[in-house]
Each structure stands twice: as structure tokens, then as C-alpha cells.
Amino acid sequence: MFAIVRTGGKQYRVAAGDIIAVEKLAGEAGDSVTLDDVLLAGDGGEVKDLKGLTVAAEILAQEKGEKVIIFKKRRRHNYRRKNGHRQQHTVLKINAIGDVKAEKKAAPKKEAAKPAEDKPADTKPAAEKKAAPAKEAAATKKTAADKPAPKKAAADKEAKPAAAKKAPAKKPAAKKPAAKKED
């Protein structure tokens, strides 16, 4: 489910679990915020009823945005003014839209380390398992030494030393004296 919410004079399309940066809102990191100004809500292609619909969010951080430079100039009047500022904004994590809550992403489960006596004797240590794929990948890749060098490249190498010498710089031509006028 998604919703379009208005806050700070801007509109944001949000879904449960999204993280957005909005204009500064009052509160500290960890506080919960309710966004009441919902303009549209839907699920796929259908629009939902907005009556009493709110968006619940959690404040993750209060931050400053990127620096914005303001430069004023008036031509031919020796007028230049340079200013800049960093806008304050709040980073929100959308927890729920109405009664639809964000699904927590399941972390990959780590298998518990089995006791050494339960392991079969033919298993490889973890270091060898990691090294084996790297060795296989190195064996399958062809190196530059394995490939025959193209003949054209050899000819270019021989031609480059001759072309590397620079011609001496040319001297500027001498000015000719101006022709005298006869009366």
C-alpha cells in the first residue's frame, strides 16, 4: 500500500518501510510522528478511502542538507554578493499507513556452530573453502601473457621511439623593413 502525504509544503509518495527526508519537524531521534495530511492512498491500481487515514513514522535523525550557494551579481556595477546555507531536514522511517504496518525484513539465519564430534572427518576448514573458489577463478581467467601479442602493437612500439623526438622549436620570422616611398 502507498500514500501521498503533504508535509513542509511538499508532497511525498510513501510506502510502509520507506525512509524519506522532509522539512524539519519538531522532535528528537526515536520519537514517533503522525502525518495527517494524506492526499491519496492506494494499493496497486485501486484508490483507498482517505477518511481518518494517517501515516505513522519514526524520526531517525535531524540533519542538515547539502550547502546551497546564493550568488547575486549586477553587470557593470561592481556588485557581487555570495551567501549560502544548509537547510535543516528530518529523516523519517514510515512505519505504517493506516493499519498496514511495515513488514520487518527477515535477517538471514545463522546456523549454530555444530560440535566438532558431529562433523564428518572429510569436511574442509572454512579457510580452504574460501581459497578454493579463488584458485578456480584464477585458473579459468586468461592472462595477458597467455595471449599472443598482436603484430600491429609490435610495429607501433618500434615506431614510437622515432616519433618521440621533438623537432626543435621554430624561431619567429624576422620583420622586414618597411618599403620606402619615393617622392
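This text follows the structure it describes.
Residues numbered from 1 in each chain as written. Predicted model: local features only at pLDDT ≥ 70, side-chain atom pairs only at ≥ 80, totals over all residues. Heavy atoms only, no water.

Novice: Any chance you could explain the overall build of the chain here in plain terms?
Specialist: Check the secondary structure of the chain and you find 2 helices and 9 strands. For the chain, the α and β elements follow one another from N to C terminus as β-β-β-β-β-β-β-β-β-α-α. Taken across its 183 residues, the chain has 15% of its residues classed as buried. Once local pairs closer than 6 in sequence are excluded, the contacts in the chain between residues at least 24 apart make up 62%. For the chain, the exposed surface amounts to about 16300 Å²; the carbon and sulfur share of it is 53%. (Helix = DSSP H or I, 4+ residues; strand = E, 2+ residues; numbered from the N terminus. Buried < 20%, exposed > 50% of the residue type's maximum accessible area, 1.4 Å probe, protein only. Contact = heavy atoms within 4.5 Å. Areas by Shrake-Rupley, 256 points an atom, 1.4 Å probe, with all protein chains shown as cover.)

Novice: I'm lost on the nonpolar core in this one. Help?
Specialist: Proteins that are soluble and globular tend to have nonpolar side chains buried together. Ranked by internal contacts, the top residues of the largest apolar core, which has 18 residues, are Ala-3, Val-14, Ile-20, Val-55, Leu-92 and Ile-94. Every element with two or more residues in this core is listed here: β1 (2–7), β2 (10–15), β3 (19–23), β4 (32–35), β5 (38–43), β7 (55–74) and β8 (79–97). (Core = buried A, V, L, I, M, F, W, Y, C linked by side-chain atoms within 4.5 Å.)

Novice: Where do I start with the packing of aromatic side chains in this structure?
Specialist: Here the distance between the centres and the angle between the planes together describe a pair of aromatic rings. What the rule picks out here adds up to 0 aromatic pairs. Its end group placed over the ring of Phe-2, Arg-13 keeps NZ or CZ at 4.4 Å from the ring centre. Here the basic side chain of Arg-74 rests over the ring of Tyr-79, its NZ or CZ set 4.6 Å away from the ring centre. (Phe/Tyr/Trp six-rings, centres within 6.5 Å; stacked < 30°, edge-to-face > 60°. Lys NZ or Arg CZ within 6 Å of the ring centre and 35° of its normal.)

Novice: Could you clarify how one ought to interpret the environment of Leu-50 in this entry?
Specialist: Looking at the element boundaries, Leu-50 is found in the loop between β6 (46–47) and β7. Taking the C-alpha atoms as reference points, Leu-50 and Leu-40, separated by 10 residues in sequence, lie 6.9 Å from one another. If sequence neighbours within four positions are ignored, Leu-50 has contacts with Val-38, Leu-39, Leu-40 and Ala-41.

Novice: Explain the sheet that holds β5 here, please?
Specialist: What holds strands together in a sheet is hydrogen bonding between their backbones, with the strands either parallel or antiparallel. Reading across from one edge, β2-β1-β5-β6 is the order of the 4 strands in this open sheet, with antiparallel pairing throughout. Every interior strand has two partners, whereas the edge strands, β2 and β6, have only one. Two strands pair when backbone bridges link them, and β1 and β2 are joined in this way by 6 bridges, in the antiparallel orientation. Note on β2: the bridge partner recorded for Arg-6 is Gln-11. (Pairing = 2+ DSSP bridges.)

Novice: Sorry, what's going on with the side chain of His-89 here?
Specialist: Relative to the helices and strands, His-89 resides in strand β8. From its side chain, His-89 meets the backbone nitrogen of Gly-65 in a polar contact 3.5 Å long. If near-sequence neighbours (up to four positions away) are discounted, His-89 is found in contact with Ala-21, Val-22, Glu-23, Lys-24, Ala-61, Gln-62, Glu-63, Lys-64 and Gly-65. (Polar contact = N/O pair within 3.5 Å; in protein donor to acceptor, adjacent residues only side chain to side chain.)

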